[in-house]
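Descriptive analysis of the structure
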Amino acid sequence: MTNDKDEQSPGEASQDPSRRRFLLTLGGLGALWCGAAAYPTYKYLAPQPVPDPFGKEGKAQVDKISPAEVAQPGMGKNGGYANRGLVVLRKPDGTLKAFDAKCSHAGCNVAFEGDKLHCPCHGGTYDLDGKNIAGPPPRPLTELKVFEENGLLYVARLAAPNKQG
Ligand code: FES
């Protein structure tokens, strides 16, 4: 009489220890190869850290807009800062304003059009305070602090509003 537990299946009987070791080594090498092949793809697709546009000094020089070009009420111009789009304008009441030009809908650059800011991609419209007033943009533009220093314009992050009181 034979014990069922002592019997080996045909597959187990044919695997000697050296064959098992060979298959495990092959499997390990295969996994290693897959990991090595996938790593460059992961590095390429992984999100890259975005550098701070205002750097250590906390400000960025404005490109393509001089103080004289926004000196009078009603004046405004598209320019840039830190490889980003920018709009600087002087409102009819004399207030100088700056906005990152990136539309809050899908990221196209808005353009200064005298009494408003217009996005050419889907017709979004913002008022001179950067508030979204028509079209698909869901949020206002990002406002920046703008100031003149040694005859040049600079922008900086607008101070966060105090949430206490
Ligand atoms: S990206 Fe500006 S309205 Fe769509």
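Fair warning: this is a prediction, and the values are worked out from it, not measured in the lab.

Describing the overall build of the protein
Along its length, the protein carries two helices and ten strands. By residue count, 19% of the 165 residues in the protein fall in the buried class. Of the contacts formed within the protein by residues at least 6 apart in sequence, a portion of 34% connects residues at least 24 apart.

Focus on the environment of Q61
Among the structural elements, Q61 can be located in strand β1 (residues 60-61). In this structure Q61 comes out as partly exposed when scored by C-beta crowding, with 13 C-beta atoms within 10 Å. In sequence terms Q61 and L153 are 92 residues apart; their C-alpha atoms lie 6.2 Å from each other. Sequence-distant contacts of Q61, that is, excluding residues within four places in its chain, are made with Y81, L152 and Y154.

Some remarks on unusual backbone geometry
In the Ramachandran plot, A82 falls in the positive-phi region, its phi being about 45 degrees despite a non-glycine side chain. If you trace the backbone, A82 turns up in the loop between β2 (76-81) and β3 (84-90). A positive phi angle, near 60 degrees, is found at N83, a position not held by glycine. When you line up the elements, N83 lands in the loop between β2 and β3.

Parameters and conventions
- Residues numbered from 1 in each chain as written.
- Predicted model: local features only at pLDDT ≥ 70, side-chain atom pairs only at ≥ 80, totals over all residues.
- Helix = DSSP H or I, 4+ residues; strand = E, 2+ residues; numbered from the N terminus.
- Buried ≥ 20, exposed ≤ 12 C-beta atoms within 10 Å, placed from the backbone.
- Contact = placed C-beta atoms within 7 Å.

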